[in-house]
Amino acid sequence: MHILLVAVNAKYIHSNPAVHSLKSCAGEYAAHISILEFTINQQPFFILQEIYKKHPDVIAFSCYIWNYSLIDQMIPDLHKILPDTDFWAGGPEVSYNAPDIIKRWQLRGVMTGPGENSFCRLAAAYINGCADSLPAILEAGPTHAADGRRLLDDIPFWYEDKDQADFSHRIIYYESSRGCPFSCSYCLSSIDRTMDFRSTDRVCRELDFFLSRKVPQVKFVDRTFNCQKSHALSILKHILEHDNGITNFHFEIAADLLDEDYFALLSQMRPGAVQLEIGVQSTNARTIEEIDRRMDFGRVAAAVLRLRSFHNIHIHLDLIAGLPFEDLPSFQQSFNEIYALRPQQLQLGFLKVLKGSRMALRAPGYNLVYTSQPPYEVLSTKWLSFDDICRLKQIEELVELYYNSGQFTHTLEFLLQSFDSPYALFESLALWYDQHGCFGIQSSRVRRYELLLEFAAAPDTLSILTECLTYDLYLREHMKNRPAFCLPIDQWKDEIHKILHQESESHTLFPAASFPNLAICSYRELTKTLHAEVFRVLFGQPVIVLFYYGRRDPLTNNCAAYRTIYINKENGRKDCSDTLQIKPDFN
């Protein structure tokens, strides 16, 4: 008997913890179970072929909004090439309309809810020859044992059996709690508010496994990591005390639950050790109330600003377009208030009306129209027209390109001075992109800088805008060829050569104690390691800036930039002690 678990992920770097968790809980039956993971970007025929090679007796698909359409496309052909195979499915995309899915896909059955217990029953039935006794809809067992024991603790730590290569090429997902105490109407986690926590001593031992192997990133899939303070603080304290200098931990949190105990721990974290995703969704109080969400935006904003003051934590804020009572002016205000917090990532997402959610039940009352196929994304509401949604889609694309990329930080700050609000800037840029046919074109990195220059260039600001773009460009990349939009620096080349020659001999700008790698560099090696650029107006007077690519900000990935000297045209070169910085110009 061979049971095949099939996962189809959104990207190669993603993995599917569900199928591995199911197999790990199958106990004595695990030897009869295998796993195949694919991505939605692979050809359907390739996936068919790989599944066929396994000749399974039973196939169980893990179904989500991102892979439903592909599975829907493949299942009829799989029935043709594997006519004697039983087909099952599980996951949120099939749990809330199981009878319809069973009929559409000609399934033997559907597993609903958390599947560890039900899948173990399924495996036992097939291997022991009593599969006929299984119901078509196989419901999940209880989330807690009768004696109150946590069932999440019964799930083995299946990463120990993974190949070491998997850790460096994929995001590692980890679950320390299951469920959510909140009741947001758009979220499936609100249907069952039962919480289950993996014991913190087990969590810490398992995190040590990742730390010892220097895994690049561990992403906690807990819906609200900090909903139980003692649980979250114990884990954060362990991460602080056992930091390996490499591993990053990602958490989704409720920022208004943070208090001084959290801040005391988080302020001590290595820069880049932790990143926090915070779902704000809207700052409209009426909207928050309507979606059954509990959030004090004042507390959220204060917490985010406090976290930002530590300069060590990557902050990701979420905003959802299409929520009830959020018209375009209201959404603009939400956008501006979240932008004002200057997170490293501002995710402008769109409401997805998930099967089984309360939002789906309430949709008619909101005149909420959404796509018929996954991801069931909003098209219009009583408050937002389809025209509004189209404009917001364009703004979303530009926020990704110009804000979330982190490549235009200084340029955007300069441009904001000419607009009433951040939303006004991005709306104006979207209109310009649309008028000039720039959407739908895959532009090169340098071309994106040029487009921003073409959009905003004005005679009185052209020089400083160009220098902002140049500064941002060299913060991120040591360009082999100087872009055409950069201002010429030919008249300062001799001065730059003198600085680098002097540095190769004296190492005064970059002393060995702080920069051991630079202290051994010859002049030629310095020219490859550093980039020297002259800025005439950006700092109020001509300044030479040295960009050092051997040191980067772990939050932005920008290199270190050192303002080394002022250039005084009357008196020649003038070193200024207040600008000879060991601390770089990180944004």
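Here is what the cut-offs are and how they apply
- Residues numbered from 1 in each chain as written.
- Predicted model: local features only at pLDDT ≥ 70, side-chain atom pairs only at ≥ 80, totals over all residues.
- Heavy atoms only, no water.
- Axes fitted to C-alpha atoms, helices over the stretch in contact; angles between N-to-C directions.
- Helix = DSSP H or I, 4+ residues; strand = E, 2+ residues; numbered from the N terminus.
- Parallel < 35°, antiparallel > 145°, perpendicular 65-115°, else oblique.
- Contact = heavy atoms within 4.5 Å.
- Core = buried A, V, L, I, M, F, W, Y, C linked by side-chain atoms within 4.5 Å.
- Buried < 20%, exposed > 50% of the residue type's maximum accessible area, 1.4 Å probe, protein only.
- Pairing = 2+ DSSP bridges.
- Polar contact = N/O pair within 3.5 Å; in protein donor to acceptor, adjacent residues only side chain to side chain.
- Phe/Tyr/Trp six-rings, centres within 6.5 Å; stacked < 30°, edge-to-face > 60°.
- Lys NZ or Arg CZ within 6 Å of the ring centre and 35° of its normal.
- Left-handed = near helix turned anticlockwise from the far one by under 90°.
- Nonpolar A, V, L, I, M, F, W, Y, C, P; charged D, E, K, R; others polar.

**As for the packing of helix α13 (residues 328–339) against helix α17 (residues 422–435)**
Then comes step 1: In the contact formed by α13 and α17, the axes pass within 8 Å of each other and the chain directions differ by 110°. The orientation of α13 relative to α17 falls into the category roughly perpendicular. Residues Leu 328, Phe 331, Gln 332, Phe 335, Asn 336 and Tyr 339 of α13 pack against Pro 422, Tyr 423 and Phe 426 of α17.

**Some remarks on the nonpolar core**
The tendency in soluble globular proteins is for nonpolar side chains to be buried side by side.
Then comes step 1: Core analysis: the biggest nonpolar cluster contains 118 residues, and Phe 210, Phe 251, Phe 335, Tyr 402, Phe 426 and Phe 547 have the highest contact counts within it.
Then comes step 2: Those residues within four positions of Phe 547 in sequence are excluded, and the remaining contacts are Tyr 471, Tyr 474, Leu 475, Thr 529, Leu 530, His 531, Glu 533, Phe 535, Cys 559, Ala 560 and Ala 561.
Then comes step 3: Formed by 27 residues, the second largest nonpolar core is a distinct cluster that contains Leu 36, Ile 59, Trp 105 and Leu 107.

**Some words on the sheet that holds strand β2 (residues 33–39)**
Two pairing modes exist for strands in a sheet, parallel and antiparallel, and in both the strands are linked by backbone hydrogen bonds.
Then comes step 1: Here six strands make up an open sheet; going across it, the order is β2-β1-β3-β4-β5-β6 and the pairing parallel. Lying at the two open borders of the sheet, with one neighbouring strand each, are β2 and β6 (137–139). Direction aside, the axes of adjacent strands within the sheet are offset by 20° on average.
Then comes step 2: As judged from the three bridges shared by strand β5 (residues 109–112) and β6, these two strands associate in the parallel manner. From the neighbouring strand, Thr 112 faces β6, where its bridge partner is Glu 139.
Then comes step 3: The sheet strands contacting helix α3 (residues 68–81) are β1 (3–9), β2, β3 (58–62) and β4 (86–90), and the helix crosses β3 at an angle near 170°.

**Quick notes on the environment of His 32**
Then comes step 1: Along the chain, His 32 turns up in the loop between α1 (17–24) and β2.
Then comes step 2: With 18 residues separating them in the primary sequence, His 32 and Glu 50 have C-alpha atoms 18 Å apart.
Then comes step 3: With residues up to four places along the chain from it excluded, the contact list for His 32 reads Met 1, His 2, Ile 3 and Ile 127.
Then comes step 4: A polar side-chain atom of His 32 sits 3.1 Å from the main-chain carbonyl oxygen of Met 1.

**Details of the environment of Leu 351**
Then comes step 1: The topology assignment puts Leu 351 in the loop between β14 (345–350) and α14 (358–362).
Then comes step 2: Relative accessible area serves as the criterion here: at 1%, Leu 351 is assigned to the buried category.
Then comes step 3: Setting aside chain neighbours within four positions, we find Leu 351 in contact with Tyr 186, Ile 320, Ala 321, Gly 322, Leu 323, Met 359, Leu 368, Tyr 376, Glu 377 and Val 378.

**With respect to the packing of aromatic side chains**
Then comes step 1: Following the criterion strictly, the structure yields 41 aromatic pairs and no others.
Then comes step 2: One aromatic cluster is present, formed by Phe 157, Trp 158, Tyr 159, Tyr 174, Phe 209, Phe 210, Phe 220, Phe 225 and Phe 251 through successive ring pairs.
Then comes step 3: The ring centre of Tyr 68 lies 4.9 Å from the NZ or CZ of Lys 355, which sits over that ring.
Then comes step 4: Cation over ring: Lys 393 sits above Phe 350, and NZ or CZ is 4.4 Å from the ring centre.

**Quick notes on unusual backbone geometry**
Then comes step 1: Between Pro 374 and the following residue, Pro 375, the backbone shows a cis peptide bond with an omega angle of 15°.
Then comes step 2: If you trace the backbone, Pro 375 turns up in the loop between β15 (369–370) and β16 (378–380).
Then comes step 3: Phi angles above zero are rare outside glycine, and Asp 292 is one such case at about 60°.
Then comes step 4: With respect to the secondary-structure elements, Asp 292 resides in the loop between α11 (285–290) and α12 (297–309).
Then comes step 5: Given the relative accessible area of 25%, Asp 292 is considered partly exposed.
Then comes step 6: The phi dihedral of Tyr 376 is positive, around 55°, even though this residue is not glycine.
Then comes step 7: Mapped onto the secondary structure, Tyr 376 falls in the loop between β15 and β16.
Then comes step 8: Take Tyr 376: its relative accessible area is 5%, and that puts it in the buried class.

**Concerning the packing of helix α2 (residues 44–54) against α3**
For any two helices packed against each other, the geometry comes down to the angle between their axes and how far apart the axes lie.
Then comes step 1: Where α2 meets α3, the closest approach of the two axes is 10 Å, and the angle between their N-to-C directions is 45°. With respect to each other, α2 and α3 are oriented oblique. Crossing handedness for the pair α2 and α3: right-handed. In this structure, α2 contributes Pro 44, Ile 47, Leu 48, Ile 51 and Tyr 52 to the contact, and α3 contributes Leu 70, Gln 73, Met 74, Asp 77, Leu 78 and Ile 81.
Then comes step 2: Grouping the amino acids of the contact of α2 with α3 by side-chain chemistry returns nine nonpolar, one polar and one charged.

**Things to note about the sheet that holds β14**
Then comes step 1: A sheet is described by the order of its strands in space; here six strands give the open sequence β7-β10-β11-β12-β13-β14, paired in parallel fashion. Looking at strand neighbours, the two that pair on one side only are β7 (172–174) and β14, the edges of this open sheet. Strand-to-strand twist of the sheet, defined as the mean angle between neighbouring strand axes without regard to direction, takes the value 25°.
Then comes step 2: In the sheet, strand β12 (residues 274–281) pairs with strand β13 (residues 313–321) via seven bridges, with the strands oriented parallel. Directly across from Gln 275, in β13, lies its bridge partner His 314.
Then comes step 3: The strands touched by α13 within the sheet are β12, β13 and β14, with β13 carrying the most contacts at an inclination of about 180°.

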